[in-house]
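Now for the letters of each chain:
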Amino acid sequence: MKTKLRAREMGLPFSGKTGANNNITDVAGVQVGYKTLIDHENASQKQTGVTAILPRGRSNTPQPVWAGMYALNGNGEMTGTHWIQDGGYFTGPIMITNSHAVGITHHAAVKWTINQYKEAWTEHHLWAMPVVAETFDGILNDINAMHVTEQDAQDALDDAQSGPIQEGNVGGGTGMIAYDYKGGTGSSSRLIKVDDREYTVGALVQANHGVRKWFNVLGAPFGLHDNENLIHPLHEQGSIIVVIATDAPMLPHQLKRMAKRAAIGIGRNGSPGGNNSGDIFLAFSTANSKNMPQLSESHQTMDYLNDEVFDDFYLAVVESIEEAVINAMFAADDVPVFKMAESEVCRAIDTQKLCEFVSASRVMS
């Protein structure tokens, strides 16, 4: 599964204690799957895909997933967020794909929800409103060819699993660019202890954002010193989707505050959130498993943490996103460009060169 070393394995000294796999599936029950579409032989270049996240795995019982969202810059799409803002929850999968595949992916996610929770959807008047997010891959993929199909989205859902996950040129991240290097899918996690209980925070990113001159790693301004093979040097033309998961019990307003901290996480690597960027963040908690509100009693109770203990969670969000973006770039491979670029190849970052630069910068400081 893994052909390249991740950032920590290359010696980058990121802060924080990670979960066993250092990815979002360290949150118990969360599963991730991909469908990757690559074809460089035809005029209509195919370099795209779909990522699926199942917050509660393949449970056949529909349960709300408590959530909050935040958009740093809204030049993008994440469906279902109006209800997340008002109702504080969603049910079913989270999908991430390219900008022109939101509709077909949403269709597949609705069908998956109806089939997965067939008994509840048959017996009760329930609706499906899955979360589908996107970033634009039209520089590396013929996005107007509408390559993604309903079956591709279904395949990503069928592929979802726990444990180690692939990163880089996979799923929805297949055709993405980050800081003028090959970007894609990345993930990381952190462990936090509150009193005698240990909780996990995990983040998954679809990194398609940033301009080379902004790029820094652990405070080292690598982008200013590596100006070769630029794809679009003048301004940002991409976006980043961040999904944050935790098993800690949180209320929707607390999860929204978690989602806001993703802005600081992506800022750690230099992005200010460009005008053309869809920087959209979702945080959810797998705690407080309950029946659907439509099928529940009038009076409800929820466990939740005191807001006063959240500083460590906010830091965990920031650190895990910072590392997830770098993991996406470290796992990526060179790919041919489709159009609208100054280079014929989108190069993956030179990980050895970067690590040496960061090490030297830290010694000098």
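Please refer to the structure placed before this passage.
Residues numbered from 1 in each chain as written. Predicted model: local features only at pLDDT ≥ 70, side-chain atom pairs only at ≥ 80, totals over all residues. Heavy atoms only, no water.

Take unusual backbone geometry next. At M146, a position not held by glycine, the phi torsion is positive, near 55°. The phi torsion at N288 lies on the positive side, around 55°, for a residue other than glycine. Among the secondary structure elements, N288 is positioned in the loop between β12 (278-285) and α7 (311-331). Of the residues examined, N288 reaches a relative accessible area of 13% and is grouped as buried. (Helix = DSSP H or I, 4+ residues; strand = E, 2+ residues; numbered from the N terminus. Buried < 20%, exposed > 50% of the residue type's maximum accessible area, 1.4 Å probe, protein only.)

Turning next to the sheet that holds strand β6 (residues 131-135). With mixed pairing, the four strands of this open sheet are ordered in space as β1-β2-β5-β6. Bordering the open sheet on either side are β1 (31-39) and β6, each of which pairs with just one other strand. With direction set aside, neighbouring strand axes in the sheet form an average angle of 15°. Here strand β5 (residues 94-98) pairs with β6 via five bridges, running parallel. Residue pairing across strands places T97 opposite E134, the latter belonging to β6. In the packing of helix α2 (residues 102-116) onto the sheet, contacts are made with β2 (46-54), β5 and β6, and the angle to β5 comes to roughly 155°. (Pairing = 2+ DSSP bridges. Axes fitted to C-alpha atoms, helices over the stretch in contact; angles between N-to-C directions. Contact = heavy atoms within 4.5 Å.)

Mapped onto the fold, D26 is located in the segment before β1. Buried charge without a salt bridge: D26, with R6 as the nearest opposite-charge side chain at an N-O distance of 7.1 Å. There is a polar contact of 2.8 Å between the side chain of D26 and the backbone nitrogen of N22. (Lys, Arg positive; Asp, Glu negative; His and termini not counted. Salt bridge = Lys/Arg side-chain N within 4 Å of Asp/Glu carboxyl O. Polar contact = N/O pair within 3.5 Å; in protein donor to acceptor, adjacent residues only side chain to side chain.)

Moving on to a nonpolar patch on the surface. Nonpolar side chains collect at one region of the surface, where W83, W127 and M129 lie side by side and expose about 280 Å² of accessible area between them. By the secondary structure assignment, M129 is in the loop between α3 (118-123) and β6. (Patch = residues over 30% accessible without salt bridge, like charges linked within 9 Å, V, L, I, M, F, W, Y side chains within 5 Å. Areas by Shrake-Rupley, 256 points an atom, 1.4 Å probe, with all protein chains shown as cover.)

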